[in-house]
Amino acid sequence: QVQLVESGGGLVQAGGSLRLSCAASGLTFSRLDMGWFRQAPGKEREFVAAIKWFGGSPYYGDSVKGRFTISRDNAKNTVYLQMNSLKSEDTAIYYCAGGWTSYSTIRYVNSYNYWGQGTQVTVSS
């Protein structure tokens with residue numbers, strides 16, 4: 001059974017940092033492209049960051065570029081999202097996702113086959 005389990009969410013003040021983790025099991029993690037998405041109340045799920053199965057240059061949403069960093073450790077079956085300089089508008093449920101994507105589809109929700117349950121990130125101003 002495929003499982004993606006996020007952790008590391010919580011409450012932080014604006015300007016602070018959090019590190020999210022997503023641990024994968026039941027699949028060949030090292031061959032999956034991995035992404036982070038977020039969804040705020042009343043809004044659609046939004047692309048945050050993604051990284052191909054082999055690493056390489058990551059992809060970022062415009063709103064987080066320069067503040068967030070995605071990385072992966074294939075030996076630990078884990079993908080990370082380091083979030084710095086957090087803003088109140090970063091408040092959302094953050095989901096990790098895994099799938100097989102192309103360079104043109106890596107930013108799209110429908111490109112991913114597997115999803116975690118989400119972790120809440122709340123940034124107070």
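Everything below is about the structure shown above.
A. Region of interest: the pairing of strand β3 (residues 18-25). Where strand β1 (residues 3-7) and β3 come together, five bridges link them in antiparallel fashion. Paired with S7 across the two strands is S21, which belongs to β3. Here β3 runs beside strand β8 (residues 78-83); their pairing, made up of six bridges, is antiparallel. The residue of β8 that forms the bridge with C22 is V79.

B. Structural view of the environment of R107. Tracing the backbone through its elements, the reader meets R107 in the loop between β9 (92-99) and β10 (114-115). R107 sits in the partly exposed class, given a relative accessible area of 38%. In sequence terms R107 and W36 are 71 residues apart; their C-alpha atoms lie 9.4 Å from each other. Residue contacts for R107: discarding those within four places in its chain leaves F37, F47, Y59, Y60 and G61. Here the side chain of R107 touches Y60 through a polar contact of 2.9 Å, landing on its backbone oxygen.

C. Local environment of the pattern of salt bridges. All chains considered together, the criterion is met by five salt bridges. As a salt-bridge pair, E46 and R38 come within 2.8 Å of each other at their nearest N and O atoms. Using a relative accessible area of 32% as the deciding quantity, one classes E46 as partly exposed. Residue class for R38 comes out buried when judged on its relative accessible area of 5%. Put simply, R38, E46, R67 and D90 are held in one network by salt bridges that share partners.

D. Here's a closer look at the state of the cysteines. Per the counting criterion, the structure on display carries one disulfide. For C22, the disulfide goes to C96, at an S-S distance of 1.9 Å. One end of the pair, C22, is in strand β3; the other, C96, is in strand β9, with 74 residues separating them in the sequence. For C22, a relative accessible area of 0% gives the class buried.

E. Molecular detail of the nonpolar core. One finds W36, L81, M83 and Y94 to be the most contacted residues of the largest nonpolar core, which totals 28 residues. Those elements that place two or more of their residues in this core are β3, β4 (33-39), β5 (46-52), β7 (68-73), β8, β9 and β11 (119-124). Per-element accounting of this core gives the leading share, four residues, to β3. Ranked by size, the runner-up nonpolar core spans seven residues in total, among them F37, F47, A50 and Y59.

Definitions and limits used
- Throughout, residues of each chain are indexed from 1 in the direction in which the sequence is written.
- The model is predicted, so local features are restricted to residues of pLDDT at least 70 and side-chain atom pairs to those at 80 or more, both for listing and for counting; the totals for chains, interfaces and linings are taken over all residues.
- Based on all heavy atoms of the structure, the side-chain values leave hydrogens and waters out of the count.
- Think of it this way: DSSP has to see at least two bridges between two strands before they count as a pair.
- Each helix is a run of DSSP H or I of at least 4 residues and each strand a run of E of at least 2, with the numbering of both proceeding from the N terminus.
- Using a 1.4 Å probe on the protein chains alone, a residue whose accessible area is under 20% of its type maximum counts as buried, one over 50% counts as exposed, and one in between counts as partly exposed.
- Whether two residues are in contact is decided by their heavy atoms: any pair within 4.5 Å suffices.
- Each polar contact in these results corresponds to two N or O atoms within 3.5 Å; when the atoms are within protein, one needs to be able to donate a hydrogen and the other to accept it, and residues that are neighboring in sequence are counted only if both atoms are side-chain atoms.
- The working definition used for a salt bridge is a side-chain nitrogen of Lys or Arg within 4 Å of a carboxyl oxygen of Asp or Glu.
- Cysteine sulfur atoms are paired as a disulfide whenever they fall within 2.5 Å.
- Buried Ala, Val, Leu, Ile, Met, Phe, Trp, Tyr and Cys residues that are joined via side-chain atoms within 4.5 Å together make up what is termed a nonpolar core.

That's the geometry; what it means functionally is another story.
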